[in-house]
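# A closer look at the structure
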Amino acid sequence: PADFSSLSYPISFICDGGRLEVGNCESKDNLQADSFFIDFLEEKGVLFRFNQSGLKVDAQNFDYKSFNLECSEFPDLVPTLVFVACLCEGETKLTGLSVLKHKESDRFSEICRLLNTFSVKFSINRGKDELIINGPCSVVSNLKIELPPDHRMVMLAAILLKKFGSGEINQLEHVKKSYPHFSDDFKL
């Protein structure tokens, strides 16, 4: 069955006007909190069509406006929401991020470090556990990114690098924890 946390990576990657087909996803699983990502992107103009042959995603009408989102109900989506914010224009605010500090790494700090690496303008309010990202991200090159052994941080770094730059990342083997075919799907 489709895991909506993992599915958020290829879906977010094509948000800038692409299309995607996912064969093993015939319906939205509302029992997975991360299926919220579909509702969120539908509001931003992305079309989702489920049928017996799978899911078809069309992001040709993606709305590049920034957004504000409280994320405490779906912390594993925050990396892909950060990626979407990097596609958008203007100031995106993500709140409810306190749980990120207690994952496989301090994801709050690691996300900030990645945003710095990619020269994305952002600010934080640690007292309110919020992150404000000013997009869109610019293209960078020749990066060498050192990451903690955290599958979600590795996947975020990989899709940022694939979309906005060139270079190398370490720890790619850790994506197997949640997305064993990540490297093949993204041709890394």
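Note that the structure is a prediction, hence the values are computed from the model and not measured. (Residues numbered from 1 in each chain as written. Predicted model: local features only at pLDDT ≥ 70, side-chain atom pairs only at ≥ 80, totals over all residues. Heavy atoms only, no water.)

## As for the sheet that holds strand β5 (residues 90-95)
Pairing in this open sheet of four strands is mixed, and the strands run β4-β5-β7-β6 from one edge to the other. Strand pairing shows two members of the sheet lacking a second neighbour, β4 (68-70) and β6 (121-125), which therefore form its edges. Put simply, the sheet's adjacent strands are angled 15° from each other on average, direction ignored. One ladder, built from five bridges, connects β5 with strand β7 (residues 130-135); its direction is antiparallel. (Pairing = 2+ DSSP bridges. Helix = DSSP H or I, 4+ residues; strand = E, 2+ residues; numbered from the N terminus. Axes fitted to C-alpha atoms, helices over the stretch in contact; angles between N-to-C directions.)

## Points about the packing of helix α4 (residues 107-117) against helix α5 (residues 151-164)
Remark: α4 packs on α5, axes separated minimally by 11 Å, with the N-to-C direction vectors making an angle of 15°. The orientation of α4 relative to α5 falls into the category roughly parallel. Here α4 runs over α5; the crossing is right-handed. For the pair formed by α4 and α5, the contact residues are Arg107, Glu110, Ile111 and Leu114 on the first element and His151, Arg152, Met153, Leu156 and Ala157 on the second. (Parallel < 35°, antiparallel > 145°, perpendicular 65-115°, else oblique. Left-handed = near helix turned anticlockwise from the far one by under 90°. Contact = heavy atoms within 4.5 Å.)

## What to know about the pairing of β7
Where burial is concerned, most of β7 is hidden: five out of the six residues are buried. With five bridges joining them, β6 and β7 adopt antiparallel strand pairing. Within the sheet, the bridge partner assigned to serine 123 lies in β7 and is isoleucine 132. Hairpin connection from β6 to β7: four residues lie between these consecutive antiparallel strands, with aspartate 129 at a positive phi of about 50°. (Buried < 20%, exposed > 50% of the residue type's maximum accessible area, 1.4 Å probe, protein only.)

## So, helix α2 (residues 36-43)
Within α2 the residues assigned to the buried category are Phe37, Ile38, Phe40 and Leu41. Burial along α2 is one-sided: seen end-on, the buried residues are contained in an arc of 165°. Glycine 45 lies just past α2 and shows a positive phi near 90°. (Arc of directions from axis to C-beta.)

## Points about the side chain of serine 8
Tracing the chain through its elements places serine 8 in helix α1 (residues 4-13). According to the relative accessible area criterion, serine 8 is buried, its value standing at 1%. The contact partners of serine 8, leaving out residues within four places of it in the chain, are Phe37, Leu77 and Thr80.

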